[in-house]
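Tertiary structure, described
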Amino acid sequence: MEIDEMDFSHKKHQPKSAQIRKTDSRFQDADNPEITPLDMTQLQLLVLQKLQTSLDVEELLNMFKDSLHELTGVTQVTFNPAFTQHTTDNKITTSHIQQLKLFTREHYLGQLNIEFEEEPSEKALKINEEAAKLVAFPLQNALEYQQALLCSEQDTLTGIKNRNAMDSALEKACDASKRYNTDLSILMIDIDHFKKVNDTYGHLTGDKILQRLTAVLKQSCRLADEAFRFGGEEFLMLLQNTAQDGALEMAERIRKSIEINDFGGVLEEKDLPLTVSIGVAQRDLNDDIQQLIEKADQSLYFAKRHGRNQSIVYSEEIKNDSPSS
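Residues numbered from 1 in each chain as written. Predicted model: local features only at pLDDT ≥ 70, side-chain atom pairs only at ≥ 80, totals over all residues. Heavy atoms only, no water.

Observations concerning the overall build of the protein
Each helix and strand counted, the protein has nine helices and nine strands in total. For the protein, long-range pairs separated by at least 24 residues make up 71% of all intrachain contacts whose partners lie at least 6 apart in sequence. (Helix = DSSP H or I, 4+ residues; strand = E, 2+ residues; numbered from the N terminus. Contact = heavy atoms within 4.5 Å.)

Encoded structure:
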């Protein structure tokens with residue numbers, strides 16, 4: 001692991017009217033800018049040991065900053081990755097910036113933005129340059145791990161989150177609902193007669209319909225809502241801070257949007273009617289995740305047994321109507 005073509009620019013954009021405070025003399029020794037053995041020992045102890053303990057990008061950057069704060073006066077570190085969907089808060093908060101381009105032997109990793117409250121010395125800049133060589137490999141591992149984690153939680157066909165991501169999100173939402181006594185509801189959505197669509201038009205067409213339906217779901221969602229592919233032609237919507245009435249309203253919005261959507265365009269036919277049935281359930285005080293899912297599932301199959309193309313809210317009537325009851 002190495003840093004190649006280091007962009008060692010220290011950008012100073014200090015307004016003329018601003019007053020610059022005197023920087024600590026440790027970092028302003030212009031006559032002796034060389035890094036001493038003691039500096040390097042501190043660097044290794046403060047940086048290298050810590051950076052091997054985490055696969056979280058934000059945590060690594062904070063470790064890097066904290067380790068160098070006393071040594072070189074670093075106040076904030078952000079990172080612009082060259083790949084992956086990970087981003088950090090790259091808002092520049094000071095006029096003193098050191099920007100270092102990180103390379104591995106395989107590819108360009110990204111740009112490290114190191115900020116100072118006061119103007120750093122050449123010695124401080126060189127120490128940071130050496131430290132950046134130590135952070136490159138752990139940072140690459142963290143980025144690749146988070147990218148792999150993202151892929152493992154994404155449904156490859158529809159692009160929305162999969163069952164693995166759903167389990168984690170439901171657990172967090174349920175814990176928050178218990179802790180803060182907030183409403184929590186879910187929707188179970190199933191495409192009506194989807195087997196007939198697959199049998200008639202083929203599974204490739206069925207896949208295109210699933211993709212089109214996912215787009216409709218995303219358009220119908222509020223910003224805080226989350227959609228997951230539960231399995232096959234079944235989807236789950238997680239609605240935090242939403243009670244039963246609001247969840248039913250959302251379910252009807254989704255159902256009507258799908259009913260009027262032109263799925264015939266998938267086959268270049270004039271008409272391919274498609275509807276969904278939706279089960280709605282709100283978490284009761286003592287419900288765990290599994291109980292909440294079972295309620296929504298029972299509501300869904302009540303809707304399918306009693307005509308399809310409708311949204312049904314869980315009730316005692318549904319519980320008694322369930323085949324398992």
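Details of the sheet that holds strand β8 (residues 276–282)
An order of β6-β7-β5-β8-β9 is seen for the five strands of this open sheet, with the pairing classed as mixed. Only two strands of the sheet have a single neighbouring strand rather than two, namely β6 (226–231) and β9 (311–313). Averaged over all pairs of adjacent strands, the angle between strand axes in this sheet comes to 20 degrees, irrespective of strand direction. As paired strands, strand β5 (residues 184–191) and strand β7 (residues 234–240) are joined by seven bridges and run antiparallel to one another. Note on β7: the bridge partner recorded for I189 is F235. Contacting β5, β7, β8 and β9, helix α7 (residues 244–260) crosses the sheet at an angle of about 170 degrees to β8. (Pairing = 2+ DSSP bridges. Axes fitted to C-alpha atoms, helices over the stretch in contact; angles between N-to-C directions.)

With respect to the layout of surface pockets
Taken as a whole, the largest pocket holds about 280 Å³ of empty space. In terms of lining residues, the largest pocket is bounded by 16 residues, among which E153, K161, A165, E226 and F228 are the most central. Looking at the lining of the largest pocket, the elements that each hand over two or more residues are α4 (163–180), β6 and β7. With five residues, the single largest contributor to the lining of the largest pocket is α4. In terms of residue class, the lining of the largest pocket is built from seven nonpolar, five polar and four charged. Each of domain 1 (37–85 + 92–153) and domain 2 (163–320) gives at least three residues to the lining of the largest pocket. (1 Å grid on protein atoms, 1.4 Å probe; cavity = no way out; pocket = protein on both sides within 12 Å on 5 of 7 lines; lining within 4 Å. Points joined across faces, edges and corners; volume = space filled by probe spheres on them. Nonpolar A, V, L, I, M, F, W, Y, C, P; charged D, E, K, R; others polar. Domains from an automatic or database assignment.)

Considerations on unusual backbone geometry
Phi is positive for N241, which is not a glycine, with a value near 55 degrees. You can see N241 is positioned in the loop between β7 and α7.

Comments concerning the nonpolar core
Nonpolar side chains in soluble globular proteins tend to end up buried together. By size, the foremost hydrophobic cluster in this structure holds 28 residues, and its most contacted members are L187, I189, L213, M237, I254 and I278. Those elements that provide at least two residues to this core are β5, α5 (194–201), α6 (203–220), β7, α7 and β8. Apart from residues no more than four positions distant in its own chain, L187 is found in contact with F235, L236, M237, L239, A247, M250, A251, I254, I278, G279 and V280. (Core = buried A, V, L, I, M, F, W, Y, C linked by side-chain atoms within 4.5 Å. Buried < 20%, exposed > 50% of the residue type's maximum accessible area, 1.4 Å probe, protein only.)

Looking at the pairing of strand β3 (residues 96–103)
Residues in a regular strand project their side chains so that they alternate between the two faces of the sheet. Of all eight residues in β3, seven are buried; the element is thus mostly enclosed. By the bridge criterion, eight bridges tie β3 to strand β4 (residues 108–116) in an arrangement that is antiparallel. Directly across from L102, in β4, lies its bridge partner G110.

Regarding the environment of G110
Relative to the helices and strands, G110 resides in strand β4. Since its relative accessible area comes to 0%, G110 is described here as buried. Sequence spacing of G110 and L100 is ten residues, and the spatial spacing of their C-alpha atoms is 8.6 Å. Dropping the residues within four chain positions of it, G110 is found in contact with F79, N80, P81, A82, L100, K101 and L102.

Here's the deal with the pairing of β5
Most of β5 sits inside the fold, with eight of its eight residues counted as buried. Burial along β5 is two-sided: L184, I186, M188 and D190 and S185, L187, I189 and I191, pointing in opposite directions, are all buried. As defined by bridge partners, β5 adjoins β8 across seven bridges and the pair is classed as antiparallel. By the bridge assignment for β8, L187 is matched with V280.

What to know about empty space enclosed by the protein
Taken as a whole and judged by the stated rule, the model has one cavity of 30 Å³ or more. Taken as a whole, the largest cavity holds about 30 Å³ of empty space. Every residue lining the largest cavity is listed: L170, C174, L184, D288, I289, L292 and I293. Elements that contribute at least two residues to the lining of the largest cavity include exactly α4 and α8 (289–305). With three residues, α8 is the single largest residue contributor to the lining of the largest cavity. Class assignment of the residues belonging to the lining of the largest cavity gives a composition of six nonpolar, no polar and one charged.

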